[in-house]
Amino acid sequence: MSTATIKPSHSKALDMAYIALTAALIALCSWITLPIGPVPFTMQTFAIFTSLGLLGGRRGTVAVVVYLLLGLVGLPVFAGFHSGPAALMGPTGGYLLGFLASALCYWAVTARLGTSTKVLLPTMILALALCYAFGTLWFLQVYTGGGQAGTLLGALGLCVFPYLLPDLAKIALALVVARRVGKHLAK
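To keep things clear, this report deals only with the structure shown in the data block. (Residues numbered from 1 in each chain as written. Predicted model: local features only at pLDDT ≥ 70, side-chain atom pairs only at ≥ 80, totals over all residues. Heavy atoms only, no water.)

## A closer look at unusual backbone geometry
Note the cut-off: Strands here mean DSSP runs of E at least two residues long; helices mean DSSP runs of H or I at least four residues long; both are numbered from the N terminus.
The phi dihedral of Phe81 falls on the positive side, at around 60°, and the residue is not glycine. Residue position: Phe81 is located in the loop between helix H2 (44-72) and helix H3 (85-89).

## Thoughts on the side chain of Thr61
For clarity, the cut-off: The cut-offs for exposure are 20% and 50% of the maximum accessible area for each residue type, with area from a 1.4 Å probe on protein chains only; residues under the lower value are buried, those over the upper are exposed, and the others partly exposed. Counting of polar contacts relies on pairs of N or O atoms within 3.5 Å, with two restrictions inside protein: one atom must be capable of donating a hydrogen and the other of accepting it, and residues adjacent in sequence are counted only when both atoms are side-chain atoms. In this description, contact between two residues means that some pair of their heavy atoms is separated by no more than 4.5 Å.
Residue position: Thr61 is located in helix H2. We classify Thr61 as buried; its relative accessible area is 5%. Here the side chain of Thr61 touches Gly57 through a polar contact of 2.6 Å, landing on its backbone oxygen. Apart from residues no more than four positions distant in its own chain, Thr61 is found in contact with Leu52, Gly56, Leu100, Ala103, Leu104 and Trp107.

## Description of the pattern of salt bridges
Heads up, the rule is: Between Lys or Arg on one side and Asp or Glu on the other, a salt bridge is scored when a side-chain nitrogen of the former is within 4 Å of a carboxyl oxygen of the latter.
Per the stated rule, a full pass over the model turns up three salt bridges. When the shortest N-O distance is used, the salt bridge between Arg58 and Asp15 registers 3.7 Å. With Arg58 in helix H2 and Asp15 in helix H1 (residues 8-30), the pair connects residues that are 43 residues apart, well separated along the chain. Exposure remark for Arg58: the relative accessible area of 45% places this residue in the partly exposed category. Here Lys170 makes a salt bridge to Asp167, at a shortest N to O gap of 2.7 Å. Taken together, the residues span about one helical turn, with Lys170 and Asp167 both in helix H7 (residues 164-182) at a distance of three residues. Among the charged side chains, a network of salt bridges with common partners joins Asp15, Arg58 and Arg59.

All we've got here are geometric facts, nothing functional implied.
If you want it as structure tokens, here you go:
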């Protein structure tokens, strides 16, 4: 079905369905967890960037907001099946807020520069860096375990360095999935 033949109400229904499905994808990927320290390894970043790549900045950001709201109201959609405001106030709450900042960054950049792969890859890397910044600064404020976590370098060692290569691989996979699946979605 071509985009031109989609009726406006049908387009809104598709938007809502795509947003709901990608919010569910983010939740599902948050449950794929390896607890390797105070910040678990999850597939959330893959789902965030896949959602943004598939839906674009506006709808992808809405999907991230829906995901966050589902967790805030008590559905166990965050990593480790956590939910509620307490999850946002914990040591990894900054990453949850960083997902929203990442989505907004992606939306802002792609709205100006387009969605070619040469734009998307650096935009996703920039958005990931923004997520890391939110997560690490929040971790430094909330985590009171002392020791190496009390310094910026210690926090980076716990919160960023172990995840850099896996997250870059997740971005690459998200780009592939978004390109291959995206061409089959009615816009």
